[in-house]
Amino acid sequence: MGTANTAKQPLLDASPYSRSSRDSMSSMSSSQILRNFILMSVCFSANHGAVTACLGLASTKLGALTFLDADLGTWQNGTLYTFYTLSALFGATYIVDRLGSRDGILAGVSIYCVYVCCFLVASLVPDVWKWPVALLGAAVGGVGGGFLWTAQGAYFGKSAEAYANATNTSKQASTGYLAGIFSFFYLSEEVALKLLSTLITQVLGQSWLVVFGTYSAVAVASVVGMSLVYKFPVEEKKSDNDFCYKVNSASRLLFNDSKMFLLIPMNAVFGFSAAFLNSYVTGQVLHFATTADYAIPYFDDNSGESMGLDNYVGMFTAIPAGVAAILSLVLGSLSAKTGKGPILIMGAVCFALLASVFLVNPGVSGWTWGPLVAVFCLMGCGRATFESTLRATFADFFAHDLPGAFANIILQSGLSSAFAFFAFPHFNCEEEDDYCVKYKDGSLHDVRLLEVIVIVTAGLAVLGYARAAAIRRREEEEEEEEE
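Values in this document were obtained by computation on a predicted structure and should not be read as measured data.

1. Quick word on the overall build of the chain
Point 1. What the chain contains, in helices and strands, is 17 helices and 4 strands.
Point 2. Split into buried and exposed, the 483 residues of the chain put 57% on the buried side.
Point 3. The long-range share in the chain, meaning contacts at least 24 apart out of those at least 6 apart in sequence, stands at 78%.

2. Some thoughts on helix α8 (residues 208-226)
Point 1. Taking 1.5 Å per residue, 19 residues should reach 27 Å; α8 reaches 27 Å between its end C-alpha atoms and fits that length.
Point 2. Those residues of α8 that fall on the buried side of the exposure criterion are Trp208, Val211, Phe212, Tyr215, Ser216, Ala219, Ser222, Val223, Gly225 and Met226.

3. Describing the pattern of salt bridges
Point 1. Following the criterion strictly, the structure yields 9 salt bridges and no others.
Point 2. Put simply, Glu475 and Lys259 hold a salt bridge, and the shortest N to O gap is 3.1 Å. Placement of the pair is Glu475 in helix α17 (residues 447-482) and Lys259 in helix α11 (residues 258-262), with a sequence separation of 216 residues.
Point 3. Owing to a relative accessible area of 23%, Glu475 belongs among the partly exposed residues under this scheme.
Point 4. Between Arg472 and Glu475 there is a salt bridge, with its nearest N and O atoms 3.3 Å apart. Of this pair, Arg472 and Glu475 both sit in helix α17, 3 residues apart, which is roughly one turn of the helix.
Point 5. The class for Arg472 is buried, based on a relative accessible area of 13%.
Point 6. Through salt bridges with shared partners, a single ionic network connects Asp257, Lys259, Arg472, Glu475 and Glu476.

4. Thoughts on the nonpolar core
Point 1. If you look at the biggest cluster of nonpolar residues, it comprises 132 residues, and the most contacted ones within it are Tyr115, Tyr215 and Tyr280.
Point 2. Broken down by element, the residue count for this core peaks at 13 residues, all from helix α15 (residues 369-397).

5. Considerations on the side chain of Glu451
Point 1. On the secondary structure map, Glu451 appears in helix α17.
Point 2. Despite being buried, Glu451 has no salt bridge partner; Arg448 is the closest side chain of opposite charge, sitting 6.7 Å away.
Point 3. In this view, Glu451 contacts Phe276, Ala355, Phe358, Leu359 and Tyr435; residues no more than four positions away in its chain are not counted.

6. Quick notes on the state of the cysteines
Working definition of a disulfide: a covalent bond connecting the sulfur atoms of two cysteines.
Point 1. Counting across every chain of the model gives 1 disulfide.
Point 2. Disulfide partner of Cys429: Cys436, at an S-S distance of 1.9 Å. Classification of the bridge connecting Cys429 and Cys436 rests on its S-S torsion, roughly 100°, and on that basis the disulfide is right-handed.
Point 3. Its relative accessible area of 23% is what places Cys429 among the partly exposed residues.

7. What to know about the packing of helix α5 (residues 101-122) against helix α6 (residues 127-167)
Each pair of packed helices can be described by the angle between their axes along with the distance between the axes.
Point 1. It is at 7 Å that the axes of α5 and α6 come closest, and there the two elements cross at 155°. The orientation of α5 with respect to α6, classified from their angle, is roughly antiparallel. α6 is crossed by α5, and the crossing has left-handed handedness.
Point 2. Looking at the contact of α5 with α6 residue by residue, the classes come out as 19 nonpolar, 8 polar and 3 charged.

Analysis parameters
- Residues numbered from 1 in each chain as written.
- Predicted model: local features only at pLDDT ≥ 70, side-chain atom pairs only at ≥ 80, totals over all residues.
- Heavy atoms only, no water.
- Helix = DSSP H or I, 4+ residues; strand = E, 2+ residues; numbered from the N terminus.
- Buried < 20%, exposed > 50% of the residue type's maximum accessible area, 1.4 Å probe, protein only.
- Contact = heavy atoms within 4.5 Å.
- Expected span 1.5 Å × (residues − 1).
- Salt bridge = Lys/Arg side-chain N within 4 Å of Asp/Glu carboxyl O.
- Core = buried A, V, L, I, M, F, W, Y, C linked by side-chain atoms within 4.5 Å.
- Lys, Arg positive; Asp, Glu negative; His and termini not counted.
- Disulfide = S-S within 2.5 Å.
- Axes fitted to C-alpha atoms, helices over the stretch in contact; angles between N-to-C directions.
- Parallel < 35°, antiparallel > 145°, perpendicular 65-115°, else oblique.
- Left-handed = near helix turned anticlockwise from the far one by under 90°.
- Nonpolar A, V, L, I, M, F, W, Y, C, P; charged D, E, K, R; others polar.

Here is the structure:
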């Protein structure tokens, strides 16, 4: 706890934070708490921005190597999300409980550096080594990502509580406000880092080796910055016999709290939509958009094959993050007036519309800038609700178990993404038509099934949230009666 000689120290003073496990945030002013939260958000977002920039490039830059109807980028993404999910399910809450939320974040961003650096290594080694490098990097990075978000959720909840106390406002208002701030930095830095690849290759004329070297440097620098963030005291452990209890926190909350079960589709629709956008739209549609206005299709020097808008993938993948960054600040304030429910429903509708565009206008050829930008904007609108409002809702609904709650976000969205990345490439068909699409590797895929899965899941997300919110209102009424 805080002492007389450490109270009211400047936020970034190294002295109190080097021994911060003994300090208390209760001695800080609201502005100090806010500045600390912003520092955490900036460092976290830089690291994760480098990760998502590489994730968006995986199918394009690693896609020349294929196995079982899926390219290396798709296999790598599926591996990342598989280990990401397993980490969240088995042990993420225990790791965060033992390390504390700040050190959990620090460990997570450190491990994520392995994933980012594997792209740099893959750019240097022969093709025969690209598979083990890419898949090993994804597996290691997935483990770190699984408890990274669990730690971030715990840190977010503690910061929101401290800020609410310092400003004498409600916890719900504090979670909404800080969620908007975090999402703004998280998504803005993602935009900047995704655009960086286009800047380096198209404007500066540098190679992709420079791109991945830059991303690796950013990821490592974020680790250094995160070490300066305030460290909440780690609670004393009463016993070491609760290992299994801690490890199973996420699954226990999932099966024992009906609200969590009902919110599965809300997380799953994001996972399915992200996989659909990355594997199909980014990986295939952009490749065949050879007639797009204001873009000059270029050709692979080795095969002479037209590659459409592939070289602009960094710009396209930055659009959802940019839209979400702008909306996150608006949604944080709007949720205080409308409640979080209408915003979450809007997000689910946006995901459904994204898939519906391709259901109404099937095929990979003939796409131009306008429709493609609109599709990526829809993803941004949906993502804004997922990154800010949904996380704030989980903090409100499951305040008694924040690590378990945020581990479930990872578990549910990660499992759906892993399933989508591994399963979607195997939805094959036999005769080419509007919905039986020929991919760039020559294989035929039933994309209508992918689109229907996203749309149906979005509908279930709306119904599930409505029921979960009703249960939460009843719980709040019972709590008020007990008081």
